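Below are the chains, spelled out letter by letter.
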Amino acid sequence: LKPMPSKKGKKKDKVKDIKDPLVLKEKGVKAFQEGNFQEALQNFSSALELSPENAIIYNNRSAVYAKMEKFEEALADASKAVELDPTYVKGYYRQALALLELDRIEEALKTLDPLVKETEEQFIKELYDKIQQEWKEENLLDKENPERKKYEEFMKWLSDNECKLDKLKIRWYSADYRGVHARQAIKRNEIFLYIPKRMIITLEMAKATPIGAKMVKADLKLISPKHSYLSSFILQERRKDSTPWEMYLEILPKNFDSFPIFFTPEEKEWLKGSPFLKQVEEKIEDIKTDYDTICAAVPEYANFPIKEFSEIRMMVSSRIFGMSIDGVKTDGFVPMADMLNHRRPRQTSWAYQDEKQGFIIEALEDIPRGEGVYDSYGKKCNSRFFQNYGFIVENN
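Here the structure is a predicted model, which is why all the values come from computation and not from measurement. (Residues numbered from 1 in each chain as written. Predicted model: local features only at pLDDT ≥ 70, side-chain atom pairs only at ≥ 80, totals over all residues. Heavy atoms only, no water.)

A look at the overall build of the protein
Part 1 of the reasoning: Within the protein, the regular secondary structure consists of 17 helices and 10 strands.
Part 2 of the reasoning: Against the 2.2 N^0.38 benchmark of 21 Å for 396 residues, the protein shows a C-alpha radius of gyration of 29 Å, more extended than a compact globule.
Part 3 of the reasoning: C-alpha atoms of the protein, sized along the principal axes, occupy 105 × 50 × 45 Å.
Part 4 of the reasoning: Across the 396 residues that make up the protein, the buried fraction comes to 47%. (Helix = DSSP H or I, 4+ residues; strand = E, 2+ residues; numbered from the N terminus. Rg over C-alpha atoms; globule rule 2.2 N^0.38 Å. Buried < 20%, exposed > 50% of the residue type's maximum accessible area, 1.4 Å probe, protein only.)

Below you can see the structure in the form of structure tokens.
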């Protein structure tokens, strides 16, 4: 029988292991493969204390940080790896991956540009193709395009006013069609959009305007009172030399051709024989009735052309949210929240939260980076979608 090693001997071996960066590295790799990322991080970090010039260990730790969704740290480690070894292909791979997750797509492309021409590594080429495709999708509109710049300024305005939207971005599908996408991965139950109360245009604000106050005083019997009041707010703000809502007004729709009430006689021919055509004519008449009612009580309202009033009315009905603020039921415009396109089943939920003093949107499922972010406009038939939003849903 062999003598059992003493406890003292075991302790020495353990101390030796801890002081050996290669052993720590292997422990880190094993923990990573088993999904124990915190343990892997500790092992790689300890190894780097003992071997601070080891590019491979930096790259391994970059992979751990990426799994933990700490992409700034992942980028820093991958960058250090290629600094230590400029020929280290996997280091550039990790660097590009981290840049992609941080939505720094152009930098990710530039990282792999020189490499893809020299290497035969398939994983580099596959990542390069993926990044290149994303870059094309992101840049359908040129960076200097006035429409794109307008939305970038709008989102900066929101951020400067304490709105939380850092995980969101706008992606253009055509010159006049865009959607909201995830800049970074959004987790289930995560609040990814917050708009403070002072950035919401409410029904009460509309009623407090000069024209709104006259409408209230006249006690008008309107077919769609909330839509008419909020339309009046927009119409008045548009005509001011200076308004705090300028950035929001700038991104509101200017083209309403997709709404059936604005169809040309030729386009209406396509609806001939359908009961929907009658609904369109009724909507036109309802809007005109409200417009005439307001003009009769507030004569200066006639300065707003009925066509413009009709356009804003349709915009209001397709964008506003019903909510309760400090116990008062109201309706209002919520900038950015009103830009999410429709999808069912629901991907997100929204509400005004008194405790947060703001409007929030929360994810009901994980939304991967780069994917579209959607709201549900409710369970409606296609005639309602077409009438009120200007689109229909396939297989609805």
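What to know about the sheet that holds strand E6 (residues 328-333)
Part 1 of the reasoning: In spatial order, the strands read E4-E6-E5; together these three strands make up an open sheet with antiparallel pairing. Both edges of this open sheet fall to strand E4 (201-202) and strand E5 (321-325), since each of them pairs with a single strand only.
Part 2 of the reasoning: Pairing analysis gives two bridges linking E4 to E6, with the strands arranged antiparallel. Note on E6: the bridge partner recorded for Ile 201 is Phe 333.
Part 3 of the reasoning: Taken strand by strand, helix H12 (residues 225-238) contacts E4 and E6, and its axis lies near 45 degrees from that of E6. (Pairing = 2+ DSSP bridges. Contact = heavy atoms within 4.5 Å. Axes fitted to C-alpha atoms, helices over the stretch in contact; angles between N-to-C directions.)

A look at the sheet that holds strand E9 (residues 358-363)
Part 1 of the reasoning: Spatially, E3-E9-E8 is the arrangement adopted by the three strands of the open sheet, whose pairing is antiparallel. Edge positions in the sheet fall to strand E3 (191-196) and strand E8 (348-353), since each has one partner strand and no second. When the angles between neighbouring strand axes are averaged without regard to direction, this sheet yields 15 degrees.
Part 2 of the reasoning: One ladder, built from five bridges, connects E3 with E9; its direction is antiparallel. Bridging from a neighbouring strand, Pro 196 pairs with Gly 358 of E9.

Describing the nonpolar core
Part 1 of the reasoning: Core analysis: the biggest nonpolar cluster contains 73 residues, and Tyr 301, Met 336 and Phe 359 have the highest contact counts within it.
Part 2 of the reasoning: The dominant element in this core, judged by the number of residues it contributes, is helix H15 (residues 276-297), at six residues.
Part 3 of the reasoning: Residues within four places of Phe 359 in sequence aside, it is in contact with Leu 193, Tyr 194, Ile 195, Ile 200, Phe 321, Met 323, Val 334, Ala 337, Trp 350, Ala 351 and Tyr 352.
Part 4 of the reasoning: Core analysis: the next-biggest nonpolar cluster, separate from the first, contains 34 residues, Ala 47, Tyr 65, Ala 81 and Ile 105 among them. (Core = buried A, V, L, I, M, F, W, Y, C linked by side-chain atoms within 4.5 Å.)

What about the environment of Asp 176?
Part 1 of the reasoning: Within the fold, Asp 176 resides in the loop between strand E1 (168-174) and strand E2 (177-182).
Part 2 of the reasoning: As a C-alpha pair, Asp 176 and Ser 231 span 55 residues in sequence and 23 Å in three-dimensional space.

Some points on helix H11 (residues 210-217)
At 3.6 residues per turn, the α-helix brings residues three or four places apart onto the same side.
Part 1 of the reasoning: Listing the buried residues of H11 in full gives Ile 211, Gly 212 and Met 215. The arc enclosing the buried residues of H11, seen along the axis, measures out at 100 degrees, which places them on a common side. Relative to its buried face, H11 has exposed residues pointing more than 90 degrees away, namely Pro 210 and Lys 217.
Part 2 of the reasoning: A positive backbone phi angle near 50 degrees is found at Asp 219, which sits one or two residues after H11. (Arc of directions from axis to C-beta.)

Concerning helix H8 (residues 122-138)
Part 1 of the reasoning: For H8, which comprises 17 residues, the first-to-last C-alpha distance of 24 Å matches the rise-based estimate of 24 Å (1.5 Å per residue) to within 8%.
Part 2 of the reasoning: Taken together, the buried residues of H8 touch helix H6 (89-101), helix H7 (105-116), helix H9 (146-160) and E1. (Expected span 1.5 Å × (residues − 1).)

Let's talk about the environment of Lys 156
Part 1 of the reasoning: Tracing the chain through its elements places Lys 156 in helix H9.
Part 2 of the reasoning: Looking at Lys 156, the relative accessible area reads 52%, which means it is exposed.
Part 3 of the reasoning: Sequence separation between Lys 156 and Ala 175 is 19 residues; the distance between their C-alpha atoms is 21 Å.

Regarding the pairing of E2
Part 1 of the reasoning: Counting buried residues in E2 gives five out of six residues, a clear majority hidden from the surface.
Part 2 of the reasoning: In this structure, E1 lies alongside E2, joined through six bridges in antiparallel fashion. What sits directly across from Lys 169, in E2, is His 181.

Some details on the pattern of salt bridges
Part 1 of the reasoning: Scanning the model with the defined rule gives 34 salt bridges in all.
Part 2 of the reasoning: Glu 34 is the partner of Lys 30 in a salt bridge, and the nearest nitrogen-oxygen pair spans 2.7 Å.
Part 3 of the reasoning: The shortest N-O distance in the salt bridge between Arg 313 and Asp 290 comes to 3.2 Å. Of this pair, Arg 313 sits in helix H16 (residues 306-319) while Asp 290 is found in helix H15, placing the two residues 23 residues apart along the sequence.
Part 4 of the reasoning: Exposure remark for Arg 313: the relative accessible area of 3% places this residue in the buried category.
Part 5 of the reasoning: The structure contains a network of salt bridges with shared partners spanning Asp 103, Glu 137, Glu 138, Lys 169, Arg 171 and Arg 183. (Salt bridge = Lys/Arg side-chain N within 4 Å of Asp/Glu carboxyl O.)

With respect to the packing of H6 against H8
Part 1 of the reasoning: Here H6 crosses H8 at 25 degrees, and the two axes come no closer than 11 Å. In terms of orientation, H6 lies roughly parallel with respect to H8. Between H6 and H8 the crossing geometry is left-handed. Contact with H6, carried on its side by Val 89, Lys 90, Tyr 93, Ala 96, Leu 97 and Leu 100, involves Phe 123, Ile 124, Leu 127, Lys 130, Ile 131 and Glu 134 of H8 and no other residues of that element.
Part 2 of the reasoning: Class assignment of the residues belonging to the contact of H6 with H8 gives a composition of nine nonpolar, no polar and three charged. (Parallel < 35°, antiparallel > 145°, perpendicular 65-115°, else oblique. Left-handed = near helix turned anticlockwise from the far one by under 90°. Nonpolar A, V, L, I, M, F, W, Y, C, P; charged D, E, K, R; others polar.)

Observations regarding the side chain of Gln 347
Part 1 of the reasoning: For Gln 347, the position within the fold is in the loop between strand E7 (341-342) and E8.
Part 2 of the reasoning: Its relative accessible area of 4% is what places Gln 347 among the buried residues.
Part 3 of the reasoning: Looking at Gln 347, its side chain comes within polar contact range of the main-chain nitrogen of Tyr 374, at 2.6 Å. (Polar contact = N/O pair within 3.5 Å; in protein donor to acceptor, adjacent residues only side chain to side chain.)

All quantities given are derived from atomic positions and should not be read as evidence of function.
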